[in-house]
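# Close look at the chain arrangement
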Amino acid sequence: MNKVKEMQSRIADLERALGQKQMNIDYLEKMIELAKQDYDIDIKKNSNTPQFGGSKTTKKN
C-alpha cells in the first residue's frame, strides 16, 4: 500500500509541475502576441534571429 501512496504523490507532483509549465507557456505566448501588436515584431518568424544548428553534423578535416 505504501508504494501506491508514493506513486499517487509523485503523480500529483508531476501534474503540479505540468500545470506550472503550461502557465509559463501561456504567459510567453501572450507576451509574443503583445510584442507583435505593440511593436510590430513577429518574434516567432523574426529573420534577424541567428539560427543555431544544435545537433547538426559537421565535416571532419
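Above this text sits the structure in question.
Scope of this entry: the structure provided in the associated data block. The numbering scheme is per chain: residues are counted from 1 as the chain's sequence reads. Whole-chain, interface and lining totals are the exception, using all residues; otherwise, since this is a predicted model, local features are given only for residues with pLDDT of at least 70 and side-chain atom pairs are given and counted only at 80 or more. Only hydrogens and water are set aside; all other atoms, that is, all heavy atoms of the structure, feed into the side-chain values.

Think of it this way: any DSSP run of H or I at least four residues long counts as a helix, any run of E at least two long counts as a strand, and we number them from the N terminus. The helix and strand inventory of the protein chain stands at 1 helix and 0 strands. When a residue's accessible area, from a 1.4 Å probe over protein chains only, is under 20% of the maximum for its type it is buried; when over 50% it is exposed; and in between it is partly exposed. Going through the 61 residues of the protein chain one by one, you find that 2% of them count as buried. As displayed, the protein chain offers around 6400 Å² of accessible surface, 55% of which is attributable to carbon and sulfur atoms. Note that accessible areas follow from Shrake-Rupley with a 1.4 Å probe, and for residues the cover is restricted to the protein chains shown.

With the exception of glycine, the majority of residues adopt a negative phi angle, and the majority of peptide bonds are in the trans configuration. A positive phi is found at Asp40, a non-glycine position, where the angle reads about 55 degrees. Note on placement: Asp40 falls in the segment after helix 1 (2-39).

Another aspect to go through is the pattern of salt bridges. Between Lys or Arg on one side and Asp or Glu on the other, a salt bridge is scored when a side-chain nitrogen of the former is within 4 Å of a carboxyl oxygen of the latter. Applying the stated criterion across every chain yields a total of 2 salt bridges. Between Asp13 and Arg16 there is a salt bridge, with its nearest N and O atoms 2.5 Å apart. Here Arg16 and Asp13 lie together in helix 1, a separation of 3 residues that amounts to about one turn. Here Asp13 falls in the partly exposed class, since its relative accessible area comes to 36%.

Turning to the environment of Lys44, a few remarks are in order. When you line up the elements, Lys44 lands in the segment after helix 1. For Lys44, a relative accessible area of 63% gives the class exposed.

Quick look at the environment of Asp26 now. Tracing the chain through its elements places Asp26 in helix 1. For Asp26, a relative accessible area of 41% translates into the label partly exposed. What qualifies as a polar contact is a pair of N or O atoms within 3.5 Å, subject to a donor-acceptor requirement within protein and to the restriction that residues adjacent in sequence count only when both atoms come from side chains. Within polar-contact distance, the side chain of Asp26 engages the side chain of Gln22 at 2.9 Å.

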